[in-house]
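# Topology and contacts: notes
Residue-level listing of the chains:
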Amino acid sequence: QVQLVESGGGLVQAGGSLRLSCAASKRTINGYTMGWFRQAPGKEREFVAGISWTDRTTYSSDSVKGRFTISRDNAKNTVYLQMNTLEPEDTDVYYCAAGWNIREVAVTSRYAYWGQGTQVTVSS
């Protein structure tokens, strides 16, 4: 089982930056596809970005492309989400997720393990 703990959320002004971290414990994330999702109250969880294990190919949603970057450090068992040029519309709870050998990286049901989430609030 993989346990995931997100950190790095907070309050930032529009145009600012944050870096989220997702630390895995109990098992290495080697071999796992890692993803970041976000969710607002009353809405479905939305894919933000994903990164494969095999070739480290990255994926991101159109709404964050060019602003957010996902990366991973397998030696540290950690995944990051660098968020730049933040907008008030980016305000959400952000979740880290892990799934084994996922091809459909944007599909929430493909991920077996989830963190508890970290709140990101962007003020205008």
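Values in this document were obtained by computation on a predicted structure and should not be read as measured data.

### Re the nonpolar core
Among soluble globular proteins, nonpolar side chains are generally buried collectively. With 27 residues, the main nonpolar core has Leu4, Met34, Trp36, Leu81, Met83 and Tyr94 as its most contacted residues. Of all the elements in the fold, those that place two or more residues in this core are strand S3 (18-25), strand S4 (32-39), strand S5 (46-51), strand S7 (68-73), strand S8 (78-83), strand S9 (92-100) and strand S11 (118-123). It is S3 that contributes the most residues to this core, four residues altogether. Counting six residues, the second-largest nonpolar core is a separate cluster that includes Phe37, Ala97, Ile102 and Tyr111.

### Digging into the sheet that holds S7
Pairing is antiparallel in the open sheet, where four strands are placed in the order S1-S3-S8-S7. Unpaired on one side and paired on the other, strand S1 (3-7) and S7 mark the two borders of the sheet. Neighbour-to-neighbour, the strand axes of this sheet turn through a mean angle of 15°, independent of strand direction. For S1 and S3, the ladder comprises five bridges, and the chain directions are antiparallel. Bridge pairing in S3 links Glu6 to Cys22.

### Observations regarding unusual backbone geometry
Within the chain, Thr85 stands out as a residue other than glycine whose phi angle is a positive 50°. Its location among the elements puts Thr85 in the loop between S8 and S9. What makes Thr85 partly exposed here is its relative accessible area of 46%. At Asn101, a residue that is not glycine, the phi angle is positive and equals roughly 55°. If you trace the backbone, Asn101 turns up in the loop between S9 and strand S10 (113-114).

Thresholds, definitions, all that
- Residues numbered from 1 in each chain as written.
- Predicted model: local features only at pLDDT ≥ 70, side-chain atom pairs only at ≥ 80, totals over all residues.
- Heavy atoms only, no water.
- Core = buried A, V, L, I, M, F, W, Y, C linked by side-chain atoms within 4.5 Å.
- Buried < 20%, exposed > 50% of the residue type's maximum accessible area, 1.4 Å probe, protein only.
- Helix = DSSP H or I, 4+ residues; strand = E, 2+ residues; numbered from the N terminus.
- Pairing = 2+ DSSP bridges.
- Axes fitted to C-alpha atoms, helices over the stretch in contact; angles between N-to-C directions.

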